[in-house]
Amino acid sequence: MKLRITKPNVFLKAPSWQITWLKSKGKSIPEIIDATGFSRTTISTLIAAYNANGEQTLLEKRQFNKSDPTLNPDQQEALFQVLQRPPERGGLWTSKKVKIHIQEHLGIEVAEVCDWGYLKRLGFPVQFPRATHTEAASPKEQGAFIKKSKRR
């Protein structure tokens, strides 16, 4: 087997590094499955790719993603100003509502993941509407209940 690992690179993907390291130490595939939880197919594919391409296979490639954002700084500022107001459709700003706004007003097609990223990047926290029970009492009924209840 060609596996010969020296020292781990900081930009290596941890699971891939662990699998190749275990294999280089003479562990069998069933032992690697027990240690990592990955399937036989994943382990075999990774080892074959490592044997074909070397350490390049194990690199964390997200660090090399240097693409420009979909919205330029002016468009991001315009989106920030819009997000200061409640959404036209009511409720809270969600990634889906941001996506619709960007499509309608800027004419740009973006994925919901990107919209969520813009919400986070522009400083808007993740918000969830408060859940209400389907049989919840009205404020008037709640007041009547409080009046009837015994105080301790």
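Being a predicted model, the structure only gives us computed values, none of them experimental. (Residues numbered from 1 in each chain as written. Predicted model: local features only at pLDDT ≥ 70, side-chain atom pairs only at ≥ 80, totals over all residues. Heavy atoms only, no water.)

1. Brief notes about helix α3 (residues 40-53)
Helix length check: α3 (14 residues) gives 20 Å between terminal C-alpha atoms against 20 Å at 1.5 Å per residue, within 8%. Looking only at α3, the buried set comprises Ile43, Leu46, Ile47 and Tyr50. In a view along the axis of α3, the buried residues occupy a sector of 95°, so they form one face of it. Exposed and facing more than 90 degrees away from the buried side of α3 are Thr41, Ala52 and Asn53. (Helix = DSSP H or I, 4+ residues; strand = E, 2+ residues; numbered from the N terminus. Expected span 1.5 Å × (residues − 1). Buried < 20%, exposed > 50% of the residue type's maximum accessible area, 1.4 Å probe, protein only. Arc of directions from axis to C-beta.)

2. A few points about the packing of aromatic side chains
Under the definition given, this model contains 1 aromatic pair. Centroid distance phenylalanine 80 to phenylalanine 124: 5.8 Å. Interplanar angle 55°. Geometry classified as tilted. Of this pair, phenylalanine 80 sits in helix α4 (residues 73-83) while phenylalanine 124 sits in the loop between α6 (112-121) and α7 (139-148), placing them 44 residues apart in sequence. Assessed through its relative accessible area of 27%, phenylalanine 80 is described here as partly exposed. (Phe/Tyr/Trp six-rings, centres within 6.5 Å; stacked < 30°, edge-to-face > 60°.)

3. Description of the pattern of salt bridges
Considering all chains together, one arrives at 2 salt bridges under this definition. The closest approach of N and O atoms between glutamate 104 and arginine 89, which form a salt bridge, is 3.1 Å. Residue glutamate 104 is found in helix α5 (residues 95-106), and its partner arginine 89 is found in the loop between α4 and α5; the two are separated by 15 residues along the sequence. Judged by its relative accessible area of 52%, arginine 89 is exposed. (Salt bridge = Lys/Arg side-chain N within 4 Å of Asp/Glu carboxyl O.)

4. Brief notes about the nonpolar core
In this structure, Leu71, Leu79, Leu83, Trp93, Val98, Ile102 and Leu119 are the most contacted members of the largest nonpolar core, which totals 13 residues. Going through the elements one at a time, α4, α5 and α6 are the ones with two or more residues in this core. The biggest single contributor to this core is α4, with 3 residues. If near-sequence neighbours (up to four positions away) are discounted, leucine 119 is found in contact with Leu83, Trp93, Thr94, Ser95, Val98 and Phe124. Trp17, Ile19, Leu22 and Leu58 belong to the second-largest nonpolar core, a separate cluster that totals 10 residues. (Core = buried A, V, L, I, M, F, W, Y, C linked by side-chain atoms within 4.5 Å. Contact = heavy atoms within 4.5 Å.)

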